[in-house]
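Structure assessment
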Amino acid sequence: MRKISKALKFLLLLNKRLLKRPSFLAVLLVIPIISFLVVMMAGEEGGIVKIALAGETKKAVSSNAVIEKLMSDEGLISFEIYESEKAAINAVSKSKVDAAWIFPEAVDEAYKVRVIEREETVPLRLSHEKLSAAVYSEASKELYISFIRGNVKELSKMSDSELEAFYDSGADGDYKDLFEFSSSAKNEKGESSFLKAPVRGILAVLVIFAGLGIACLYMIDDKNGLFIFYGAGKRRVIAIFYQVVCMLPAVAMALVSIFISGLSVSFLRELGLMLLLLIPSAGFCSILRVIFKKLEIFGAVLPLIVIVLLSLSPVFLDFNGAFFITKLLPTFYYINAVYNDAFILPLAIYGVVSLLVYAVISKLLKRA
Amino acid sequence: MKTVGGYFKLSLKRCAKVFPFLMVVSLALAIAISMILSGMMKMAEADEKNQRFKIGLVGESDSMYLDFGVSALKTLDSSRYTVDIIEMTEEEAQKKINNSEISAYVVLTDEFIENAASGKLGKVKYVTTAGSVDLVSIFKTELTKAVSELLYETQKGIFGLKKALNEAGGSDKTRDYMTDISFEYVAEIINRTDFYEVEVIGVGDGLSFNSYLLCGFGTLLFLLMGLSLVPIFAKTDKTFFRVLASRSINAPSQILAEFISYFLMIYAVLAVILLGLSAVPEVSTIFPELARFRGTADVLLILIKLAPFVFVISSYQFLLFGLTSGIASGILMQFLAAVFMGYVTGCIYPISFLPDSISRITSFLPSAAARSYTSSIVSGEVNQDSLLLALAWGIVFLLISIVVRNRKILGLGGKRR
């Protein structure tokens, strides 16, 4: 009992040592502020693609139903009407917009929208679908009328306006209700904004980086002989507890950031998952510490670890599990576990496995 | 070492010792970043062989119309350049989406197909993972809205015809007319690319997407370099600074001597990277704006022009080293400064993705000035505003570093580690 209280005292003093430093406290306090600001900023959705709309003539702009339809739509593609074709093309070449759509006057057989782009990219190709759909609504009616006039003698006595009335009442329901979105996870709530979505991932990487910083501190303490009186086995246990306890302030701040930014799914889930992330992170950082024994070399790999964590975990990009190394990262399981229960057990197993791997590697390399 | 000159030489020697280490780190970082860049560029390219997005189609109907529709989508429709549609069971789809093998899956029930055959619009379930960040997931609302409109208008045409015929007293040929108009609509949908004609005018005055990414990630690379130098440069022992001060090497002299050495070291790293890039022939193909920088003279010219970029980044990192009171806080500080700032200033996602009101504010941040200035150098038109902003930030950071060093010498605030 006395040993346990001594150990706890030792570990609490380690935290006290960190929390006494103004810069460490300042960094911890800045984390939720920055997260909150980024999420607030992301609340005003940006457009991934910006398109200039113009007509071949002034009449084409003012009377074009297709243009009106596009302008009334809110989404990731933002539109702006330009006075003339020349101004719109100029905006493209000056990179003020990603593309310009130049509309002819009327929807007829010769109807062709000129799409001016600087380069071909997937977002712009996806935007063509929006253009097609907007034009299709006019073209579909034209097709219907011309088909009837050309093939259906039974309706020859009906006027165009009568035929259009039947067209308008042709389908039951609203096209906006066609698709029902759902999530593959039991937990339906999640970040719908692509700008907000990376914040959680960045916070998870930050927790790991706090662990790497603590690992550096451990290396310095070890070099200064702080653990000299303990055997190798005990030192491995102390190292893990050292890691876990000293990471707690960063974990707490990451949790606070998630809650005040409105990213949280539920209190218990967030708390549970963050505590689950703590163990594999401690294992992950300890494994790296024993592999890169020297502080300078350990410091050298830190930027590489950032790049690997940010790029291969689904933080900014999702490479759809294309890389095996993705499954070696604790952040991969944590980010997916937030929305998908299927990743909770693997995250827990990762924690246990990482500690075992640390124990084995440290024994093989004769380091604690 | 009795003079400022002597201290400067000492700082220079120290940086020279660190340089090889930093070079190795930078090269490794550059390789990692170029792999990511390559992945991002491939994702952005629209190429039939390079489909990045797989969508599962779940539906057990024996409807030949569904089979025909799927076949048409796979072989004739323009969406085949970006999306690969794969038929599977719902169990398979659930498994694949959890493993990130597909971006999403769509469930077409028998009820939906029966409803469609009678002019009613049923529900189509579109399933993604909530945390998905690929383009198809981000664009899902746009794409599904577009598909919905196509289906809806087609329904209106086919069943409008039926209603009109019923109103006119019916016809034996109603079914034939509906079949014929359906095929017309299918052809119209598959040929919807005929509604527009694409002209690619080239990058003109701006940057190509690839070159923009290069400038953004290049800025991020230099921001992250500070992480590797924390154990070396983030010193908290004030004794040495006080000894220097006692020999009349005051805070401004100390900062200038250390900073100039640090700046030269980072500048040398940039020089090596640029020379390396110029030796790779494919660079001018992938980044067309770099094609005009051919010889060593051009590379040296661009290196001189990039001095303000190095100035603002190195002064920023230098300040962070000075502010830190330990390794743990130093690492966290450098990480936050690099990643969050890089994120909101267009070094990761293009700046055009951010709302205009926000990008106007974040454009004043030092990383935005650095990225914007670099982009202007690459595009060939130097952005004077970015240049002035970068220089101003650099000077501000140095002044703050002097104040912080003065406090450490005089012993105001903070404790020795």
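Residues numbered from 1 in each chain as written. Chains lettered and ligands numbered in written order. Predicted model: local features only at pLDDT ≥ 70, side-chain atom pairs only at ≥ 80, totals over all residues. Heavy atoms only, no water.

A few points about the overall build of chain A
Helix and strand content of chain A: 13 helices and 5 strands. Residues classed as buried in chain A amount to 56% of the 368 residues present. Within chain A, counting contacts between residues at least 6 apart in sequence, those at least 24 apart form 69% of the total. Of the accessible surface of chain A, which amounts to about 16300 Å², a share of 63% is contributed by carbon and sulfur atoms. (Helix = DSSP H or I, 4+ residues; strand = E, 2+ residues; numbered from the N terminus. Buried < 20%, exposed > 50% of the residue type's maximum accessible area, 1.4 Å probe, protein only. Contact = heavy atoms within 4.5 Å. Areas by Shrake-Rupley, 256 points an atom, 1.4 Å probe, with all protein chains shown as cover.)

Re the overall build of chain B
Tallying secondary structure elements over chain B gives 17 helices and 5 strands in all. Here chain B holds 417 residues, and the buried ones make up 55% of them. Look at the contacts in chain B between residues 6 or more apart in sequence, and 77% of them connect residues 24 or more apart. Summed over all atoms, the accessible surface of chain B reaches about 18100 Å², with 60% contributed by carbon and sulfur.

Looking at the pairing of strand E4 (residues 124-128) of chain B
Residues and elements named next belong to chain B. E4 sits mainly inside the fold: 4 of its 5 residues count as buried. With 3 bridges joining them, strand E3 (residues 104-107) and E4 adopt antiparallel strand pairing. Of the residues in E4, the one forming a bridge with Val107 is Lys125. (Pairing = 2+ DSSP bridges.)

Regarding empty space enclosed by the protein
To locate leftover empty space, one rolls a probe as large as a water molecule over the atoms. Under the definition given, this model contains 6 cavities of 30 Å³ or more. Taken as a whole, the second largest cavity encloses approximately 120 Å³ of empty space. Looking at the second largest cavity, it is lined by 10 residues, and the ones nearest its centre are Leu310, Ser311 and Phe316 of chain A together with Phe217 and Ile348 of chain B. Tallying contributions element by element places helix H11 (residues 295-312) of chain A first for the lining of the second largest cavity, with 3 residues. Across the lining of the second largest cavity, the residue classes break down as 9 nonpolar, 1 polar and no charged. (1 Å grid on protein atoms, 1.4 Å probe; cavity = no way out; pocket = protein on both sides within 12 Å on 5 of 7 lines; lining within 4 Å. Points joined across faces, edges and corners; volume = space filled by probe spheres on them. Nonpolar A, V, L, I, M, F, W, Y, C, P; charged D, E, K, R; others polar.)

Considering the pairing of strand E1 (residues 49-55) of chain A
Residue and element names in this part refer to chain A. Within E1, 7 of the 7 residues are buried, leaving the element largely enclosed by the surrounding structure. Burial of E1 is two-sided: the residues Val49, Ile51, Leu53 and Gly55 facing one way and the residues Lys50, Ala52 and Ala54 facing the other way are all buried. As judged from the 5 bridges shared by E1 and strand E2 (residues 77-81), these two strands associate in the parallel manner. Pairing of Val49 across the sheet is with Ile77, part of E2. Here 5 bridges tie E1 to strand E3 (residues 99-103), and the two strands are oriented parallel to one another. If you follow Ile51 over to E3, its bridge partner there is Ala99.

Structural notes on the confidence of the model for chain B
Residues and elements named next belong to chain B. A residue-level look at chain B finds 83% of positions with pLDDT of 70 or above and a mean pLDDT of 81. Confidence, expressed as mean pLDDT per element, reaches its minimum in chain B at helix H2 (residues 64-75) with 62 and its maximum at helix H13 (residues 307-323) with 94. Overall fold confidence (pTM) sits at 0.79, and the ipTM for the predicted complex is 0.78. (pLDDT = per-residue confidence, 0-100.)

Here's the deal with the packing of helix H8 (residues 197-223) of chain A against helix H10 (residues 267-291) of chain A
Residue and element names in this part refer to chain A. With their axes 9 Å apart at the nearest point, H8 and H10 run at an angle of 45 degrees to one another. It follows that H8 is oblique to H10 by the angle criterion. In this structure, H8 crosses over H10, and the sense of that crossing is right-handed. Across the interface between the two elements, Arg200, Ala204, Val207, Ile208, Gly211, Leu212, Ala215, Tyr218 and Met219 from H8 touch Glu270, Met274, Leu277, Ser281, Phe284, Cys285, Leu288 and Arg289 from H10. Here the residues of the contact of H8 with H10 are counted per class, giving 12 nonpolar, 2 polar and 3 charged. (Axes fitted to C-alpha atoms, helices over the stretch in contact; angles between N-to-C directions. Parallel < 35°, antiparallel > 145°, perpendicular 65-115°, else oblique. Left-handed = near helix turned anticlockwise from the far one by under 90°.)

Observations regarding helix H7 (residues 160-168) of chain A
All buried positions along H7 of chain A are accounted for by Leu163, Phe166 and Tyr167 of chain A. Along the axis of H7 of chain A, the buried residues cluster in a sector spanning 105 degrees; they form a single face. In this structure, the buried residues of H7 of chain A make contact with helix H6 (122-151) of chain A together with helix H6 (140-167) and helix H7 (174-190) of chain B. (Arc of directions from axis to C-beta.)

Structural notes on the packing of H8 of chain A against helix H9 (residues 232-260) of chain A
Residues and elements named next belong to chain A. Where H8 meets H9, the axes come as close as 9 Å, and the angle between the chain directions of the two elements is 145 degrees. Crossing angle aside, the handedness with which H8 passes H9 is right-handed. Contacts between H8 and H9 involve Arg200, Leu203, Val207, Ala210, Gly211, Leu212, Ile214, Ala215, Leu217, Tyr218, Asp221 and Asp222 from the former and Arg235, Ala239, Tyr242, Gln243, Cys246, Met247, Ala250, Val251, Ala254, Ser257 and Ile258 from the latter. Its residues assigned to classes, the contact of H8 with H9 shows 16 nonpolar, 3 polar and 4 charged.

Quick word on the nonpolar core
Of all hydrophobic cores here, the largest spans 220 residues; its most connected members are Trp101, Phe103, Tyr144 and Phe209 of chain A together with Leu161, Phe222 and Leu229 of chain B. Beyond its immediate sequence surroundings of up to four residues, Tyr144 of chain A is in contact with Leu163, Glu164, Phe166 and Tyr167 of chain A together with Gly157, Gly160, Leu161, Ala164, Ile181 and Tyr185 of chain B. Listed in part, the 10 residues of the second largest apolar core include Ala52, Ala88, Val97 and Ile116 of chain A. (Core = buried A, V, L, I, M, F, W, Y, C linked by side-chain atoms within 4.5 Å.)

Notes on the side chain of Ser375 of chain B
Residue and element names in this part refer to chain B. Relative to the elements of secondary structure, Ser375 occurs in helix H16 (residues 366-379). The class for Ser375 is buried, based on a relative accessible area of 10%. At 2.9 Å, the side chain of Ser375 forms a polar contact with the backbone oxygen of Arg371. If sequence neighbours within four positions are ignored, Ser375 has contacts with Leu207 and Cys215. (Polar contact = N/O pair within 3.5 Å; in protein donor to acceptor, adjacent residues only side chain to side chain.)

Digging into a nonpolar patch on the surface
Residue and element names in this part refer to chain A. Nonpolar side chains collect at one region of the surface, where Ile33, Phe36, Leu37, Met40, Val256 and Ile260 lie side by side and expose about 530 Å² of accessible area between them. Secondary structure elements with two or more residues in the nonpolar patch: helix H2 (22-43) and H9. The element that contributes the greatest number of residues to the nonpolar patch is H2, accounting for 4 residues. The topology assignment puts Ile260 in helix H9. The exposure class assigned to Ile260 is partly exposed, which follows from its relative accessible area of 43%. (Patch = residues over 30% accessible without salt bridge, like charges linked within 9 Å, V, L, I, M, F, W, Y side chains within 5 Å. Salt bridge = Lys/Arg side-chain N within 4 Å of Asp/Glu carboxyl O.)

Points about the sheet that holds strand E5 (residues 196-200) of chain B
The strands making up a sheet are joined through hydrogen bonds of the backbone, oriented either antiparallel or parallel. The sheet built from 5 strands is open, its strands ordered E2(A)-E1(A)-E3(A)-E4(A)-E5(B) with mixed pairing. Edge positions in the sheet fall to E2 of chain A together with E5 of chain B, since each has one partner strand and no second. Strand-to-strand twist across the sheet, computed as the mean angle between neighbouring axes with direction ignored, equals 25 degrees. Across the sheet, helix H5 (residues 85-93) of chain A lies against E1, E3 and strand E4 (113-117) of chain A, angled at about 165 degrees from E3 of chain A, the strand it touches most.

Considering the packing of aromatic side chains
Enumeration according to the criterion identifies 24 aromatic pairs over all chains in this entry. When the centroid spacing of 5.2 Å and the interplanar angle of 80 degrees are considered together, the rings of Phe332 of chain A and Tyr333 of chain A count as edge-to-face. When sorted by exposure, Phe332 of chain A lands in the same class as Tyr333 of chain A, which is buried. Put simply, the rings of Phe233, Phe259, Tyr262, Phe263, Tyr267, Phe311, Phe318 and Phe321 of chain B touch in pairs and so form one group of aromatic residues. (Phe/Tyr/Trp six-rings, centres within 6.5 Å; stacked < 30°, edge-to-face > 60°.)

Let's talk about the pattern of salt bridges
When the charged atoms of two side chains with opposite charge come close together, those side chains can pair. All chains considered together, the criterion is met by 12 salt bridges over all chains. Among the ionic pairs, Glu129 of chain A bridges to Arg192 of chain B, the shortest N-O distance being 2.9 Å. Of the two residues, Glu129 of chain A sits in helix H6 while Arg192 of chain B sits in the loop between H7 and E5, which places them in two different chains. One exposure class covers both Glu129 of chain A and Arg192 of chain B, and it is buried. One connected set of salt bridges, linked through shared partners, spans Glu85 and Arg114 of chain A together with Glu199 of chain B.

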